[in-house]
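Residue-level structural notes
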Amino acid sequence: DSGVTQTPKHLITATGQRVTLRCSPRSGDLSVYWYQQSLDQGLQFLIQYYNGEERAKGNILERFSAQQFPDLHSELNLSSLELGDSALYFCASSVSGANEKLFFGSGTQLSVL
Amino acid sequence: GQQVMQIPQYQHVQEGEDFTTYCNSSTTLSNIQWYKQRPGGHPVFLIQLVKSGEVKKQKRLTFQFGEAKKNSSLHITATQTTDVGTYFCAVEAGFQKLVFGTGTRLLVSP
């Protein structure tokens, strides 16, 4: 158990809908990262937060947004969903930054039908 | 932006054979991390290399950072079925942006 909690584990929705993925980092970790992993694909960096502030952005679509709350949990919002958004979304946390090891959650499997 | 290529994409070995995956960057790296993702699982941190020419060992796994800090390798001696999974390298591509390589999928037959 990495200590990072992601909910829900599975999500099935329809095109055009909006969903929210939730992540609770390990106790004491201030940084949260979001990654997207499509079938047989690598891990695509989406966005990173540190102590509530956005610090780094990857190839995150404009339809996607995220935030980190004062209690350090984070949410990834995906809107106007398309079939191609179907993927495994991972959250990871670290104490402070990208030069440290990341602890990954078990992921949320999103299926857009 | 930062490009990190891993080779091979896929390798199938017999149990007991050795395995090596390589990670190559177009730019000099400050450090490199390695992760393993079992089928159906999430990535798990293996190690971080920081110094030029650094070599670290974890039981049957040997990690190496190139002298120019542009490449790295992970070598597994005498693979076991428990080694099955995808191995990723990860590097910093800009401030706080940890980018993962394309990954090498390892399959081990008993």
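Read on for an overview of the structure. Keep in mind it's a predicted model, so treat the numbers as computed, not measured. (Residues numbered from 1 in each chain as written. Chains lettered and ligands numbered in written order. Predicted model: local features only at pLDDT ≥ 70, side-chain atom pairs only at ≥ 80, totals over all residues. Heavy atoms only, no water.)

So, on to the side chain of Asp 29 of chain A. Residues and elements named next belong to chain A. Mapped onto the elements, Asp 29 comes out in the loop between strand 3 (19–24) and strand 4 (31–37). Using a relative accessible area of 2% as the deciding quantity, one classes Asp 29 as buried. Engagement of the side chain of Asp 29 in a polar contact is seen with the side chain of Arg 26, the distance being 2.9 Å. Within the structure, the side chain of Asp 29 is placed 2.7 Å from the side chain of Ser 93, a separation counted as a polar contact. (Helix = DSSP H or I, 4+ residues; strand = E, 2+ residues; numbered from the N terminus. Buried < 20%, exposed > 50% of the residue type's maximum accessible area, 1.4 Å probe, protein only. Polar contact = N/O pair within 3.5 Å; in protein donor to acceptor, adjacent residues only side chain to side chain.)

Let us now look at the packing of aromatic side chains. All chains considered together, the criterion is met by 12 aromatic pairs over all chains. Geometrically, the ring pair formed by Phe 90 of chain A and Phe 104 of chain A is edge-to-face, given 6.0 Å between the ring centres and 85° between the ring planes. Residue Phe 90 of chain A is located in strand 9 (residues 87–94), and its partner Phe 104 of chain A is located in strand 10 (residues 103–104); the two are separated by 14 residues in the primary sequence. The two residues Phe 90 of chain A and Phe 104 of chain A agree in class, both being buried. A ring pair is formed by Phe 19 of chain B and Tyr 87 of chain B, whose centres lie 5.9 Å apart and whose planes are at 45°; its orientation type is tilted. Note that Phe 19 of chain B is positioned in strand 3 (residues 19–25) and Tyr 87 of chain B in strand 9 (residues 85–92), a separation of 68 residues in sequence. (Phe/Tyr/Trp six-rings, centres within 6.5 Å; stacked < 30°, edge-to-face > 60°.)

Contact residues are listed per partner, giving 22 residues for chain A and 16 residues for chain B. For the pair chain A and chain B, the summed buried surface comes to about 1600 Å²; carbon and sulfur atoms form 58% of the total. For the chain A face of the interface with chain B, the top three residues by lost area are Leu 43, Ala 98 and Phe 104 of chain A, together amounting to 31%. Taken together, chain A and chain B are joined by 0 salt bridges. Scanning the region where chain A abuts chain B turns up 6 residue pairs in polar contact (both at pLDDT 80 or more). When residues of the side of chain A that touches chain B are traced back to their parent elements, those giving at least two are strand 4, strand 5 (43–50) and strand 6 (53–57) of chain A. Looking at the side of chain A that touches chain B, its residues break down into 9 nonpolar, 9 polar and 4 charged. (Contact = heavy atoms within 4.5 Å. Buried area = accessible area lost by both parts, 1.4 Å probe. Salt bridge = Lys/Arg side-chain N within 4 Å of Asp/Glu carboxyl O. Nonpolar A, V, L, I, M, F, W, Y, C, P; charged D, E, K, R; others polar.)

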